[in-house]
Amino acid sequence: MSRIGRELAAVGSGFLAFLGVSALCGVLVAALMVPAAAVSGSVTDGSTQFLTSLPNELQSPPPGQVTRVLAADGSPIATLFAQNRVDVPLSAMAPTIQKAIVAIEDYRFYEHGGVDPMGILRAFVSDAGGGHQGASTLTQQYVTNVLNANLAAEGKGTDVVFNGQKSVGEKLREMKLAISLEQRMSKDKILEGYLNIAPFSGNTYGIQAASQYVFSTDAKNLNLPQAALLAGLVNGPSYYDPTAHPARALARRNLVLDAMLQHGAIDRAQHDAAVATPLKLQLSPPRQGCQHASQAAYFCDWVVHQIENDPAYGATTQDRIDRLLSGGLTIRTTLDPRLQAPAQKQADATTGAHESKWGSSLVTVQPGTGKVLAMAQNSRQLAGQGSDLVSVYNFNVDASDESGNPLGGVGGMAPGSTMKPATLAAWLSEGKATNQVVDASKRRYAPDYPWKTTCTPVKGFFDSSVSGSTDLQNDDDTHYRPMTVREGIYNSINTATFASLAGLKDVCDVQRVADEIGLHRGNQAGDKIDLSTLGNILGSQNVAPLVMANAFATFAADGTYCTPIAISEVDDAQGKRIGGQSPTCHAGALDPDVAKGVTNVLQDVLTKGSGLLIPQKLSVPAAAKTGTNQFNNQTWVVGYTRGLATASFFGDPFNGGPSHPGQNVTINGKFYPAVDGAYIAGPQWASYMQKAVGLYDHGEFDAPPQRLIGDGPASITDQTAGTDASGGTGSSGGTGSSGGTDPFTLPSATPSP
C-alpha cells in the first residue's frame, strides 16, 4: 500500500475515512467535483477565490533550458545544461505523442477540472485491496514537476517529493494547486507544459530533448510506436530505459498502445502495426559542455569563464553558473568558423606525434574591433579526442582576469624578441628615425649605467667585471657592430635593442607603449610587465598569446587599441538581449605615425630578417616578429595583415625552464639543434594565414611619414656611456628569465630571433 493509502486508512477505515479527510478541507472537496467547463471566472465567493488564484509556487520562471554557444555565423559550438531540455509549443509536438500521453497517464484529462474524483476512487479501492494505482491527473503531475523544478533551481533538490512519497497534506496541496491552475490555463497549455517538463530519461527532460536523444528526430516527427515508447517512459524513466532495459521498454510501449486502442485514440490496424514494430532506437546522446564542443573547445571554455566572472549575469558565481546551465541562453560569439577550422587543423599538424608533449597554438584578433576570430591548440580537454596531449588549460589566454577570477589559461609564456617592437615604438615616439645607427657592439651595461628615466629606476645590469654577471649577448657572433635601428629589429639583435634603449630620452617610454597596447603578465591577474627590469625588455615575463596578438593588432590598426572581445550577444530563453560585448576601442592609444613606422619595420622581418627563414610566403602585405626564449622551448611568430593579427606559438606551454629544452630535439621527424621562432611557429603562422588572409582586409599598409624612416643610415646615436665590445656570456644581476621562474636571472643562452 502506498504512503497516501496508509495515511488515509489511519484516519479511518474504508471509503468513509477518505470522505472524512476530504470533509475537513471543505470547499476543496466541493471543487474536486466541478468539471473544468463549469467553473466560472466571474464568481466572487471567497472560497472560490482561494481556489482560482494562481499560487506563487506556480508563478515562476520556466524550468531549466539548454544554453547554446554559437559561432559568429550561427553554427553550434556547444550546449550547456543541467537538464537537457528544449521547450517547444504544442503545435511542434506530433499528435501521436499528445494522444499517447493522455491515454496512458490521464484518459479523462479533457473531462475533469484538474482533479479526477473517479481516479481518486479507483486508486483508493486499489490501495485498499493491496494494489497500487496512481490517482494524479496530468495537471497534478504537471504541478508536481513544476514544484520540483523550482526546488532544484533553488538548490533544494533534497526537498523534492515524488507522487508515491507524498503525505495527505502534500497531496491536498497538490490538488488545490491543480484546480487553481486549471482556472488560468487551457487544457492544451497544461498538456504543452507537461510534455515540456516531464522527465524521460536520465537528465533528459521534455519531449523535444527526449525525441532527439532516443530517436534523433524532432517531437513533431514522432510516429506512433516512437510516441508510445516515449509516453511510457514518464512512469519510470530509469526502469523503462530502452537502452538499459529494452524488453521492459517494449512491453511498456505496447501497454501504451493498448490504452490508446481502448480509449479510441487509434484503431485496431494502427495498434497491431505499431505493436509489431521493433524498438528501432537511433540514439543521439546529448553532448554537454565545452569539452564536447563541435569546434573551438578552449575558446568555448574561455567564453563560459567570462560569463561566470561577470556580475551582469548574476550576483554570485553560483548564480551565473546556474543561469548558464538552466537559463536557456543563446550566446553568440565572435568566432569565425572559416578561420577556426584551418587554425585547428594547422595546430594539430604542427607537432604530429609529440611524445615530448610539445604544444602549439594559434589565436587571431581582428584589428580595429578586438574580435577574437580563432583560437586553437593541439591539446584536447578529454582523452581520446584525437590528441595525446590532454590538458584542461587554454594555451592562449591569461590564467585569470584583473580581478583574479579564473579564465582557464596556463598564464602565458615567455614572448622573447616579440617584445622588441615595444622598444622600437618608444624610439619612434620620441621622433627618432629607423635609419638611425646605434652601437650594437656595446655589450656591457654596468650597475651604475646612467639610464635616462623619469619613472621607476632601471633595474639589472650586464657586466662581466661584476661577480655573477656577464656581458649582453646575441644569438650569434656576427652582429656586434654598429647598425641601424631597423636592422636591429628585423635581425632581432639584442645589443641593438639595448643600444636603442640607451639612446632614449626616457626609458619609461617603453613601459608607456607596452601599457597602451595592452601588454601584461599572463599569470599575475593582469599585472603590468615590468619593463624597468632589463631582462624583461628581451621578453622574459610570461604573456598570453591572445595578449600578444591583440598588441600587434594595435600596430595593424594604426595605433587604435581595442579590448579583446569574444561575446557578441547573449539572449535569454525568451529571446531578449541581456548582455554581450561591443568593441571598446581607443583611437590614438599609440600615435598613428608610430604604429605605421613599427609596421614598416616589421614588414622587413619577413623579407630580409629573421622571418626570412619561414619557407611559406604570404601573397599579401604582412608584418611580423619572431621570438624565442633562452631555452628554445617557447617560440613565437606574431604577425598581421591589415585585417588579421595572429600569434603563433610552439613549445612547452607549461615549462619554459631548462628541464625540457628545445635543443637537440626531433619534432615531426626533423632534427633541430635549437628550435627558433622561425622554424616551427613561423611555418605554422604562415600556413594558416595563407588560408585566412583573403577573408579579411589584406590591402597595403599605410606608409609612415618619411621623418620616421629617414633617407639612409644616419650617424651613430649619442649614448651616455662609451662603447665596450668586451666578450663574455652568462647572466646578469637584475634581469628576467622565462617560464614564470624568478625574474632576477638571465641564463646564458638567449637566442634573439
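Bear in mind the structure is a predicted one, so any value in this text is a computation, not a measurement.

Undergrad: What's the story with the pattern of salt bridges in this structure? I'm lost.
TA: Two side chains carrying opposite charge are able to pair once their charged atoms lie near each other. Taken as a whole and judged by the stated rule, the model has 21 salt bridges. The shortest N-O distance in the salt bridge between Asp336 and Arg338 comes to 2.9 Å. Of the residues examined, Arg338 reaches a relative accessible area of 47% and is grouped as partly exposed. The partner of Asp697 in a salt bridge is Arg642, with the nearest N and O atoms 3.2 Å apart. Note that Asp697 is positioned in the loop between helix H24 (681-692) and helix H25 (706-709) and Arg642 in the loop between strand S15 (634-640) and strand S16 (645-651), a separation of 55 residues in sequence. One salt-bridge network, held together by shared partners, links Arg108, Glu111 and Asp116.

Undergrad: Sorry if this is basic, but what is going on with the sheet that holds strand S6 (residues 359-365) here?
TA: For sheets, the rule is that strands pair by backbone hydrogen bonds, running either parallel or antiparallel. Judged by pairing direction, the sheet is antiparallel, and its five strands sit side by side in the order S7-S6-S16-S15-S14 without closing on themselves. Edge positions in the sheet fall to strand S7 (372-377) and strand S14 (623-628), since each has one partner strand and no second. Across the sheet, the mean angle from the axis of one strand to that of its neighbour is 10°, orientation sign disregarded. Bridge analysis of S6 against S16 gives seven bridges, and the strand direction is antiparallel. Its bridge partner lying in S16, Val363 is registered against Ala647. Strands S6, S7 and S16 of the sheet are contacted by helix H16 (residues 337-351), whose axis makes an angle of about 25° with S7.

Undergrad: Can you help me understand unusual backbone geometry in this one?
TA: Most peptide bonds take the trans configuration, and most residues that are not glycine carry a negative phi. One non-glycine residue, Ser492, lies in positive phi territory at about 55°. Residue placement: Ser492 occurs in the loop between helix H18 (485-490) and helix H19 (494-502). You will see that Asn664, though not glycine, has its phi angle at about 55°, which is positive.

Undergrad: Help me understand the side chain of Glu308 in this model?
TA: Relative to the helices and strands, Glu308 resides in helix H14 (residues 297-308). We note that Glu308 is buried and unpaired, the nearest opposite charge coming from Arg320 at a distance of 8.2 Å. In contact with Glu308, other than residues within four places in its own chain, are Thr317, Arg320, Ile321 and Leu324.

Undergrad: Help me understand H19, please; the structure alone is not making it clear to me.
TA: Helical geometry note: an α-helix holds 3.6 residues per turn, so side chains three or four residues apart project in the same direction. Across the nine residues of H19, nine count as buried, placing the element largely inside the fold. Looking at H19, one finds that the buried residues are Asn494, Thr495, Ala496, Thr497, Phe498, Ala499, Ser500, Leu501 and Ala502. In this fold, the buried residues of H19 make contact with helix H17 (420-429), strand S8 (437-439), strand S9 (482-484), H18, helix H20 (508-516) and helix H21 (534-537).

Undergrad: I tried to follow the nonpolar core on my own but got confused; where do I start?
TA: Inside soluble globular proteins, nonpolar side chains tend to come together where they are buried. Membership of the largest hydrophobic core comes to 93 residues, with the highest contact counts inside it found for Ile77, Phe299, Trp302, Ile331, Trp451, Leu519 and Tyr640. Here this core gets nine residues from one element, more than from any other, and that element is helix H22 (residues 545-556). Sequence-distant contacts of Trp302, that is, excluding residues within four places in its chain, are made with Val372, Met375, Asn394, Val397, Leu407, Leu546 and Ala566. Counting 56 residues, the second-largest nonpolar core is a separate cluster that includes Ile97, Met175, Leu233 and Leu257.

Undergrad: Even after reading the chapter, I still don't get the environment of Pro683, so can you show me in this structure?
TA: The residue Pro683 is located in helix H24 in this model. Separated by 333 residues in the primary sequence, Pro683 and Thr350 have C-alpha atoms spaced 8.6 Å apart.

Undergrad: Help me out: how do you make sense of the packing of helix H5 (residues 95-105) against helix H9 (residues 187-197) in this one?
TA: When two helices pack together, their arrangement is given by the angle between their axes and by how far apart the axes lie. Viewed as axis vectors pointing N to C, H5 and H9 meet at an angle of 90°, and their least axial separation amounts to 11 Å. When the interaxial angle is binned, H5 and H9 end up roughly perpendicular. For the pair H5 and H9, contact is made by Ile97, Gln98, Ile101, Val102 and Glu105 and by Leu191, Tyr194 and Leu195, respectively. In the contact of H5 with H9, the residues fall into six nonpolar, one polar and one charged.

Undergrad: Which parts of the structure should I look at to understand a nonpolar patch on the surface?
TA: A surface patch of nonpolar side chains, amounting to about 310 Å² of accessible area, comprises Val392, Tyr393 and Phe654. Checked against the element boundaries, Phe654 lands in the loop between S16 and strand S17 (663-667). You can call Phe654 partly exposed: its relative accessible area is 43%.

Undergrad: Any chance you could explain the state of the cysteines here in plain terms?
TA: Formally, a disulfide is one covalent bond, and it connects the sulfur atom of one cysteine to the sulfur atom of another. As enumerated under the stated definition, the model contains three disulfides in all. Shown here is the disulfide that connects Cys455 with Cys508, its sulfur atoms set 1.8 Å apart. Measuring the twist about the S-S bond at about -110°, one finds the Cys455-Cys508 disulfide to be left-handed. Here Cys508 lies in helix H20 and Cys455 lies in the loop between S8 and S9, a separation of 53 residues in the sequence. With relative accessibility at 42%, the residue Cys455 sits in the partly exposed group. Linked covalently through their sulfurs, Cys562 and Cys585 form a disulfide whose S-S length is 2.1 Å. Its torsion about the S-S bond being 110°, the disulfide of Cys562 and Cys585 is classed as right-handed. Taken as a pair, Cys562 in strand S10 (residues 561-562) and Cys585 in strand S13 (residues 585-586) lie far apart in primary sequence, 23 residues in all. Residue class for Cys562 comes out buried when judged on its relative accessible area of 4%. Relative accessible area serves as the criterion here: at 37%, Cys585 is assigned to the partly exposed category. When the cysteines engaged in disulfides are numbered in sequence order, the protein pairs them as 1-2, 3-4, 5-6.

Undergrad: How should I be thinking about the packing of aromatic side chains in this particular structure?
TA: Pairs of aromatic rings are described using the distance from one ring centre to the other and the angle between the two planes. Within the structure shown, the criterion is met by 16 aromatic pairs. A ring pair is formed by Phe552 and Phe555, whose centres lie 5.5 Å apart and whose planes are at 65°; its orientation type is edge-to-face. Remark: Phe555 and Phe552 occur in helix H22; sequence separation between them is three residues, near one turn of the helix. Here Phe555 falls in the buried class, since its relative accessible area comes to 1%. Joined through ring pairs, the aromatic side chains of Tyr445, Tyr449, Trp451, Phe462 and Phe498 make up one cluster. The aromatic ring of Trp427 is capped on one face by Lys432, whose charged end is 5.2 Å from the ring centroid. The ring centre of Tyr480 lies 4.1 Å from the NZ or CZ of Arg443, which sits over that ring.

Undergrad: Please explain the side chain of Ser687 as it appears in this structure.
TA: The residue Ser687 is located in helix H24 in this model. The exposure class of Ser687 is buried, given its relative accessible area of 11%. Apart from the residues within four sequence positions on either side, Ser687 is in contact with Gln346 and Gln616.

Undergrad: In this structure, what is going on with the environment of Thr456? I would like to understand it.
TA: Along the polypeptide, Thr456 turns up in the loop between S8 and S9. Using a relative accessible area of 40% as the deciding quantity, one classes Thr456 as partly exposed. It is 9.4 Å that separates the C-alpha atoms of Thr456 and Leu531, two residues lying 75 residues apart in sequence. Aside from chain neighbours lying at most four places away, what touches Thr456 is Cys508 and Ser532.

The rules we used
Residues numbered from 1 in each chain as written. Predicted model: local features only at pLDDT ≥ 70, side-chain atom pairs only at ≥ 80, totals over all residues. Heavy atoms only, no water. Salt bridge = Lys/Arg side-chain N within 4 Å of Asp/Glu carboxyl O. Buried < 20%, exposed > 50% of the residue type's maximum accessible area, 1.4 Å probe, protein only. Helix = DSSP H or I, 4+ residues; strand = E, 2+ residues; numbered from the N terminus. Pairing = 2+ DSSP bridges. Axes fitted to C-alpha atoms, helices over the stretch in contact; angles between N-to-C directions. Contact = heavy atoms within 4.5 Å. Lys, Arg positive; Asp, Glu negative; His and termini not counted. Core = buried A, V, L, I, M, F, W, Y, C linked by side-chain atoms within 4.5 Å. Parallel < 35°, antiparallel > 145°, perpendicular 65-115°, else oblique. Nonpolar A, V, L, I, M, F, W, Y, C, P; charged D, E, K, R; others polar. Patch = residues over 30% accessible without salt bridge, like charges linked within 9 Å, V, L, I, M, F, W, Y side chains within 5 Å. Areas by Shrake-Rupley, 256 points an atom, 1.4 Å probe, with all protein chains shown as cover. Disulfide = S-S within 2.5 Å. Phe/Tyr/Trp six-rings, centres within 6.5 Å; stacked < 30°, edge-to-face > 60°. Lys NZ or Arg CZ within 6 Å of the ring centre and 35° of its normal.

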